[in-house]
Number of protein chains: 2
Amino acid sequence: MAPRSKTRERIVQNSLELFNLQGERSVSTNHIAAHMEISPGNLYYHFPNKQAIIAQLFNQYEELVDSFLRPPQGRPATVQDKRFYLKALLAAMWNYRFLHRDLDYLLDSDPDLAARYRRFSRRCLQQGQAIYRGFVDAGILSLDAAQVESLTINAWIVLTAWVRFLSTTREHAAHLSEEAFKRGVYQVLVLESGFVTPTARAAVDALCEEFHVSFNQALEQ
Amino acid sequence: MAPRSKTRERIVQNSLELFNLQGERSVSTNHIAAHMEISPGNLYYHFPNKQAIIAQLFNQYEELVDSFLRPPQGRPATVQDKRFYLKALLAAMWNYRFLHRDLDYLLDSDPDLAARYRRFSRRCLQQGQAIYRGFVDAGILSLDAAQVESLTINAWIVLTAWVRFLSTTREHAAHLSEEAFKRGVYQVLVLESGFVTPTARAAVDALCEEFHVSFNQALEQ
């Protein structure tokens, strides 16, 4: 890798860390350059402005989610797949948490990003439905087509709104822990719990236990 | 009512209409005064700034929600009560839709409002749980205590995030119709549908049909 693209990669990674820790609006390109001990000019050589860095981070986030949010190919879905999705969703939410926290601001200030997010949102809703249909076909969930659609919408809302829900409900808004995020994933598992078939019940219950975080803990940590 | 308080009341009502139509950030106190054909000085006599008008609107919203979001007293809950809650929630969301759409901005710019919203959010979560427990006691839903808690959290998130979910997913972000809001209330009904008892099933299914709006319609209108 040439030094130039290495610096570009470091700018993206450092920006992500700072945005996650301090919030995107508190971090300027000057902060990022100072944090990396490079000149602002060097940063501008790679990115014309902060918006371009955010667009690159959203690219990465989109690629990450697209890479795992799809039904297994050529075999029936299993409860282990459910575990895989929940773990992957938790990691994506946690690693790109500034996107979830600051989404309204980011989309309001960048119409291109807003258009890409709309396509991303619709694609995730399509893939989410395909995944739920896979669980129905595999005899893990019992749902008709209308329920698959509604359940997917609720899952998407709970996941994408979880961080802002906590921020507006907790006494201490800053510094959410990964445990607090885990409760958000647990809440998605709860959405389906009324539709689990008797044969899959024990395995899904074990999954619920694995992802359980008390609500008080999510509010305090 | 004295003329002074009548003007105050008109300022609040006109502000609500303008905020709902144009978004809170697009409407200044000068816009409000011009719309009412009063002088800015007259407006400032009643409210020192826009924040004070918003605080008053939040007061009204809080009082409205507190007035209906509680279990029936001295009698068991019925499916008709469920219908009443859904209608009241829909009306509250629709009539104060700017609060839902612009919540992050409003809370970020006013720490007092953010503190009040935190208390409001926790109170609603408490009352929501009491209402769901009432449906369990009346044999309409079958849920344990942990499920009541999780279900209430999901219902609160879906309701409070619905407008922003639509705004970030629809092609045409502006001018959501009341039908689009109705789908949000339907989504809350879906949350419970896996937990309805056989005896209440027919009545709850009728309610689902009454509140049903197709997702495409919610995305387009």
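Thresholds applied
Residues numbered from 1 in each chain as written. Chains lettered and ligands numbered in written order. Predicted model: local features only at pLDDT ≥ 70, side-chain atom pairs only at ≥ 80, totals over all residues. Heavy atoms only, no water. Helix = DSSP H or I, 4+ residues; strand = E, 2+ residues; numbered from the N terminus. Buried < 20%, exposed > 50% of the residue type's maximum accessible area, 1.4 Å probe, protein only. Contact = heavy atoms within 4.5 Å. Salt bridge = Lys/Arg side-chain N within 4 Å of Asp/Glu carboxyl O. Core = buried A, V, L, I, M, F, W, Y, C linked by side-chain atoms within 4.5 Å. Axes fitted to C-alpha atoms, helices over the stretch in contact; angles between N-to-C directions. Parallel < 35°, antiparallel > 145°, perpendicular 65-115°, else oblique. Nonpolar A, V, L, I, M, F, W, Y, C, P; charged D, E, K, R; others polar. Buried area = accessible area lost by both parts, 1.4 Å probe. Polar contact = N/O pair within 3.5 Å; in protein donor to acceptor, adjacent residues only side chain to side chain. Least-squares fit on C-alpha atoms with pLDDT ≥ 70 in both. Expected span 1.5 Å × (residues − 1). Phe/Tyr/Trp six-rings, centres within 6.5 Å; stacked < 30°, edge-to-face > 60°. Lys NZ or Arg CZ within 6 Å of the ring centre and 35° of its normal.

Caption draft 1: Inspection of the overall build of chain A at higher detail. Each helix and strand in chain A was counted, giving 12 helices and zero strands. Ordered by position from N to C terminus, the α and β elements of chain A give α-α-α-α-α-α-α-α-α-α-α-α. In terms of its C-alpha atoms, chain A occupies a principal-axis envelope of roughly 60 × 40 × 30 Å. Looking at chain A residue by residue over its 221 residues, the buried ones come to 56%. Intrachain contacts of chain A at a sequence separation of at least 6 include 74% that bridge at least 24 residues.

Caption draft 2: Representation of the pattern of salt bridges within the structure. All chains considered together, the criterion is met by 30 salt bridges over all chains. Its salt-bridge partner being R116(A), residue E62(A) comes within 3.1 Å of it at the nearest N-O pair. Taken as a pair, E62(A) in helix α4 (residues 50–68) and R116(A) in helix α8 (residues 111–137) lie far apart in primary sequence, 54 residues in all. The burial state of E62(A) is the same as that of R116(A); both residues are buried. Note that D81(B) and R75(B) form a salt bridge whose closest N and O atoms lie 2.9 Å from each other. Because the salt bridges share partners, they merge into one network encompassing R25(A), R101(A), D102(A) and D108(B).

Caption draft 3: View of the nonpolar core. If you look at the biggest cluster of nonpolar residues, it comprises 160 residues, and the most contacted ones within it are I32(A), F165(A), I32(B) and F165(B). With residues up to four places along the chain from it excluded, the contact list for I32(B) reads I11(B), S15(B), L18(B), F19(B), V27(B), L43(B) and I53(B).

Caption draft 4: Highlighting the packing of helix α9 (residues 145–169) of chain A against helix α8 (residues 111–137) of chain B. Contact pair α9(A) / α8(B): the axes reach a minimum separation of 7 Å and the direction vectors enclose 110°. Classed by the angle they form, the pair α9(A) and α8(B) counts as roughly perpendicular. Contact with α9(A), carried on its side by F165(A), T168(A) and T169(A), involves Y117(B), R118(B), S121(B), R122(B) and L125(B) of α8(B) and no other residues of that element. Grouping the amino acids of the contact of α9(A) with α8(B) by side-chain chemistry returns three nonpolar, three polar and two charged.

Caption draft 5: Representation of the interface of chain B and chain A. In this complex, chain B contributes 37 residues to the contact, which on the side of chain A involves 37 residues. Contact with chain A buries surface across chain B, with R118(B), R122(B) and T168(B) losing the most and accounting together for 16% of the total. With a closest N to O distance of 3.6 Å, R118(B) and E171(A) form a salt bridge. Where chain B meets chain A, there are 16 residue pairs in polar contact (both at pLDDT 80 or more). The leading source of residues in the side of chain B that touches chain A is helix α9 (residues 145–169) of chain B, at 14 residues. A per-class count over the side of chain B that touches chain A returns 17 nonpolar, nine polar and 11 charged.

Caption draft 6: Quick peek at the relation of the copies chain B and chain A. Each copy superposes on the other: chain B lies on chain A with an RMSD of 0.0 Å after a rotation of 180° and an axial shift of 0.0 Å. Expressed as an axis order, the relation between the two copies is that of a two-fold axis. When C-alpha positions in chain B are compared against the rotation axis, the closest is assigned to G194(B), at 2.0 Å. Same-surface contact between copies: 100% of interface residues of chain B are shared with the interface of chain A.

Caption draft 7: Quick peek at the side chain of T160(A). All names here are of chain A. With respect to the secondary-structure elements, T160 resides in helix α9. Here T160 falls in the buried class, since its relative accessible area comes to 11%. A polar atom in the side chain of T160 sits 2.7 Å from the backbone oxygen of W156. Setting aside chain neighbours within four positions, we find T160 in contact with H100 and Y117.

Caption draft 8: Spotlight on the packing of α9(A) against helix α10 (residues 178–192) of chain B. Packing of α9(A) against α10(B) leaves a shortest axis separation of 10 Å and a crossing angle of 100°. Classed by the angle they form, the pair α9(A) and α10(B) counts as roughly perpendicular. Along the contact surface, α9(A) presents E149(A), S150(A), I153(A) and N154(A), while α10(B) presents R183(B), Y186(B), Q187(B), V190(B) and L191(B). When the residues that make up the contact of α9(A) with α10(B) are grouped by side-chain class, the tally is four nonpolar, three polar and two charged.

Caption draft 9: Structural detail: helix α4 (residues 50–68) of chain B. In this model, α4(B) (19 residues) spans 28 Å end to end at C-alpha, consistent with the 27 Å of a helix rising 1.5 Å per residue. Along α4(B), the positions that sit buried rather than exposed are K50(B), I53(B), I54(B), L57(B), F58(B), Q60(B), Y61(B), E62(B), V65(B) and F68(B).

Caption draft 10: Local environment of the environment of V190(A). Tracing the backbone through its elements, the reader meets V190(A) in helix α10 (residues 178–192). Sequence-wise, V190(A) and A155(A) are 35 residues apart; in three dimensions their C-alpha atoms are separated by 9.7 Å. The contacts of V190(A), once residues within four sequence positions are left out, are S150(B), N154(B) and F195(B).

Caption draft 11: Spotlight on the packing of aromatic side chains. Residue and element names in this part refer to chain A. In this structure the tally under the stated criterion is 27 aromatic pairs over all chains. The interplanar angle of 70° and the centroid separation of 5.8 Å between the aromatic rings of F120 and W156 together place this pair among those described as edge-to-face. Taken as a pair, F120 in helix α8 and W156 in helix α9 lie far apart in primary sequence, 36 residues in all. As far as burial versus exposure is concerned, F120 and W156 are alike and both buried. In this structure an aromatic cluster arises from ring pairing among F58, Y61, Y96, Y117, F120 and W156. Directly above the aromatic system of W94 lies the positively charged group of R97, at a separation of 3.8 Å from the ring centroid.

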